[in-house]
Structure formats: structure tokens, C-alpha cells
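Descriptive analysis of the structure
For reference, the chains in residue letters:
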Amino acid sequence: MQQDTKRGMRSRYLKRHWELYAMLVLPVAFIIVFNYIPMGGVVMAFKDFKLRKGIFGSPWAANDGMANFIRFFSNYNFISTLRNTLVLSVYSLLVNIPTAVFLAISLNYVRRTAFKKTVQMVSYFPYFISTIVIASMVNMLFNTRTGVLGRIYYAVTASNILADPKMFPHLYVWSGVWQGVGFGAIIYLAALSGVDPQLHEAATIDGANVLQRIWHIDLPTIAPMVTIMLILNMGSILGVGYEKVLAMQNQNNLEMAEVISTYSYKVSLAASMPDFSYGTAIGLFQSVVGLVLVMISNTAANKLTGNGFW
């Protein structure tokens, strides 16, 4: 009897809110087609892929299918690409979140609406610029012959910043900050909008200054959101996008500019003899490490702050 009642309630709920479920059809289909179905190709990482035989018809790789992974781990590029990937990812992680939080808190205390909206628009606009365009802008601005910033840097240091491997992480990370800080700040501004104004009024009456209000009211409010963003970013710590890195690479800065993603692209798609199995194994390694890092960071967040993702 109770089960029939529950079924009837569910049926009535579905009929009443069918539009919401209809809106889910396209996103769910997109996820299935582009995220779950391609996962069948992961088996290529364990095979000696032959194009004419296909993925499932190709023979298994040596060493119980682990030959491609062993080849990658023993490759002389493994340590350098892993190091470069971690440097860029951790550097970006340590800079992007604090700058977005700083911008959000700063805008939250701006009282002039026109100025606040102008800053939001200016900081948010670069997010819509293509990554390749951003990389091209960096290369143009820091060119020693035609770029204003490049000529200034060359006049001061007598060196080409685009050819300096040590400067590549800084160019990559801070150009990314310029592109994404406005978009990142929106999330924290939304969290700050939920702060009860009476808390700030009470703190002001008690003699708290702006920094004290930020430390004791604003930061605790956005701490759960910061934790969630940190956990999500940990999953892509080895997944540095190859488009921007590849566009900013040159033969002089390759020492710090060759990351796992660009190496995988070069051996699997850009090589004269593409090795799809090897490239798939490298991509699978990135995904597995990302999953492990997400689980570790989520467990740590639950134990330390109680604000884990699940």
C-alpha cells in the first residue's frame, strides 16, 4: 500500500515538473556521448594498436598489457615533463584561487555601483578570449623586436624573456590569472552576497576594522567554496591544457615548457609515426593520478574542515 502511494506521488511529481526533466535530456546525452562512450577507447592503452585491426582487434601489449606504461615511466622525458607539469599546475593553483578571492572581497566592499560593475566587466571580459589568442598576445607583447614589454625587458636584462626557460612558468601562470581571475571571482562574490549584513553592522559597532571583518566574517563564509574549488582543481593538476603551452613553446624554453599533455600530443598525433597506444597510456596515467588526488584532497578536507565535496 505504501509503495503504491509512493509510486503515485512520484508519478504526479513527474507529470507536474516534466519540463525540468526534459531540460536534462540534452546535458545527460552530451555527457553520455562525449564522456562515457569514449571511455571504451581506454583499452587502447593496454594494446599494441594497429589501425587496420581496430582497438578491440589489436593484440595486447607486452608485459600483460603494461608495456606502454613501462615505456613512459622509463622514458628520459618522464621526470622532466612530470616536473614541469607539477610546477605549472601547483603554481597556478597557488595563485589563481587567492587572486580570485582577493578580487571578490575587494569588490564586495566597493560602494560605488558604477565603478564596481565596470571593474567586474573589465576583469571578466578576458575569460571570453580564446586561449590561443591569449598565447599569441603574450608572444607579441614580449617579443624583443615588436613587443613593448619585450623591448623593455630586453633593455633592462639584455635577454629575451620568451627564450628564458625560467620565465616560462611566470608568463604562463600570470597570463592565465589575467584571463580567468574575473570569472573565478564571480563564484566567491555569490557566496559573499549571502553574508548577513547584521554581522558586519555588529562587528563595526564592536570596533572591528575592515581587515578584522574580512578575517572573521568574509573568509569563513567563503571557506567551503574555496575548499570545493581546491578539490576540483586537484583533479586536473596533471592536466595542464596543451593548447596554451604548445602555443607558447619554442626551442629555447622547451626545458620548462614541455609538459605531459604536449608530450602526449606530439607522440600520438603530431609524430610522423603516431603511437596512439602510447599516447592513450599517458592520458590514462594523468586521469588516474587526478582521481587519486581528488579523493585524497577530499578526505583531507573532510577531516580538517568538514567541508569536503562528498
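Below you will find a few notes about this structure. (Residues numbered from 1 in each chain as written. Predicted model: local features only at pLDDT ≥ 70, side-chain atom pairs only at ≥ 80, totals over all residues. Heavy atoms only, no water.)

Let's talk about the overall build of the protein
Applicable threshold: What counts as a helix is a DSSP run of H or I of at least four residues, what counts as a strand is a run of E of at least two, and both are numbered from the N terminus. In this description the radius of gyration comes from C-alpha coordinates, and the expected globular size is given by 2.2 Å times residues to the power 0.38. Here's how the labels work: a residue is buried when its accessible area is under 20% of the maximum for its type, exposed when over 50%, partly exposed in between, all with a 1.4 Å probe on protein chains only. We call two residues contacting when some pair of their heavy atoms lies within 4.5 Å. Exposure was quantified through the Shrake-Rupley algorithm and a 1.4 Å probe, taking into account, for residues, occlusion by the shown protein chains and nothing else. Working convention for charge: Lys and Arg count positive, Asp and Glu count negative, and His plus the chain ends are omitted. A single reference atom marks each charge: NZ on Lys, CZ on Arg, CG on Asp, CD on Glu.
Within the protein, the regular secondary structure consists of 15 helices and zero strands. Its C-alpha atoms give the protein a radius of gyration of 25 Å, clearly above 19 Å, the size a compact globule of 310 residues would have. For the C-alpha atoms alone, the extent of the protein along its principal axes is close to 80 × 70 × 35 Å. Across the 310 residues of the protein, 34% fall into the buried class. Looking at the protein alone, contacts between residues at least 24 apart form 63% of all its contacts between residues at least 6 apart. For the protein, the accessible area works out to roughly 19400 Å², and carbon and sulfur atoms hold 67% of it. Where the 23 positive side-chain charges of the protein centre and where its 13 negative ones centre are 5 Å apart.

Concerning the packing of helix α7 (residues 131-141) against helix α9 (residues 168-192)
This is how it is decided: Axes here refer to lines fitted to C-alpha atoms; in helices the fit is confined to the stretch in contact. Angles between the N-to-C directions go from 0 to 180 degrees. Geometric relationships in this document are graded by angle, where less than 35 degrees denotes roughly parallel, more than 145 denotes roughly antiparallel, 65 to 115 denotes roughly perpendicular, and other angles denote oblique. Handedness of a helix crossing follows the sense of rotation of the near helix relative to the far helix, less than a right angle counterclockwise being left-handed and clockwise being right-handed. Amino acids are sorted into nonpolar (Ala, Val, Leu, Ile, Met, Phe, Trp, Tyr, Cys and Pro), charged (Asp, Glu, Lys and Arg) and polar (every other residue, Gly among them).
Following both chains from N to C, one finds α7 and α9 inclined at 130 degrees, their axes separated by 11 Å at the closest point. Relative to α9, the element α7 is oriented oblique. Both α7 and α9 take part in a crossing whose hand is right-handed. Across from Thr131, Ile134, Met137 and Val138 in α7, the residues of α9 making contact are Ser175, Trp178 and Gln179. Here the residues of the contact of α7 with α9 sort into four nonpolar, three polar and no charged.

Take it as geometry only, folks, not as evidence of what the structure does.
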